[in-house]
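Residue strings, one per chain:
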Amino acid sequence: MNSVEAKNSQSIQYSPSSVSRAERAMRCSPFLLPLFAAMRSTSVPLQAIAGASGVQHQYTRHPVRELGAESSLLWLIQVGILRREVDGQGITDSFRLTPLGRQLVEKWELQGGSWPAPSLSDRFYNALNRWFRLF
């Protein structure tokens, strides 16, 4: 099992299959590492990710429609990489990394600041996992 040290010094254990699924989901997402690096220190609103703004901030390679960006972000929540930001009035449209997300971002930053391109099988298994999560 992989572990992550949380800020309160408790170790969080993740199964290898969970880590593998999370890595594959990040690699198959339309987002780039700078988005996740920004989410490590602050919450990032959906408006900064979608459309031309995402390209300007180097969060995406090409403009992603708001609905597509939100769908991809919600999938990353389901696999445990992200969480929605909450304020005093409820859930917001901003996102932050979870401890698992932080672990993966740190790993890829140490390996040169990018992750390997997803293979065809990565894309297939990611799509299959997303599809089966709908039921």
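Residues numbered from 1 in each chain as written. Predicted model: local features only at pLDDT ≥ 70, side-chain atom pairs only at ≥ 80, totals over all residues. Heavy atoms only, no water.

Enquirer: Help me understand the nonpolar core in this model?
Expert: Burial of nonpolar side chains together is a common tendency in soluble globular proteins. Counting residues in hydrophobic clusters, the biggest one holds 32 residues, and the most contacted among them are Met-26, Phe-36, Met-39, Ile-49, Leu-76 and Ile-81. Looking at this core, the elements that each hand over two or more residues are α1 (16-28), α2 (33-41), α3 (46-49), α5 (66-78), β5 (90-97) and α6 (99-110). (Core = buried A, V, L, I, M, F, W, Y, C linked by side-chain atoms within 4.5 Å. Buried < 20%, exposed > 50% of the residue type's maximum accessible area, 1.4 Å probe, protein only. Helix = DSSP H or I, 4+ residues; strand = E, 2+ residues; numbered from the N terminus.)

Enquirer: What am I meant to see in the sheet that holds strand β4 (residues 82-87) here?
Expert: Within a sheet, adjacent strands bond to each other through the backbone by hydrogen bonds, running parallel or antiparallel. Pairing is antiparallel across the open sheet formed by three strands, whose spatial order is β3-β5-β4. The open sheet has two edge strands, β3 (44-45) and β4, and neither has a second partner. In this structure, β3 lies alongside β5, joined through two bridges in antiparallel fashion. Pairing of Val-44 across the sheet is with Phe-95, part of β5. (Pairing = 2+ DSSP bridges.)

Enquirer: How do you make sense of a nonpolar patch on the surface when you look at a structure like this?
Expert: On the surface, Phe-124, Tyr-125, Leu-128, Trp-131 and Phe-132 cluster together into a nonpolar patch covering about 560 Å² of accessible area. With respect to the helices, strands and loops of the structure, Trp-131 is situated in helix α7 (residues 120-133). Classification of Trp-131 as partly exposed rests on a relative accessible area of 46%. (Patch = residues over 30% accessible without salt bridge, like charges linked within 9 Å, V, L, I, M, F, W, Y side chains within 5 Å. Areas by Shrake-Rupley, 256 points an atom, 1.4 Å probe, with all protein chains shown as cover. Salt bridge = Lys/Arg side-chain N within 4 Å of Asp/Glu carboxyl O.)

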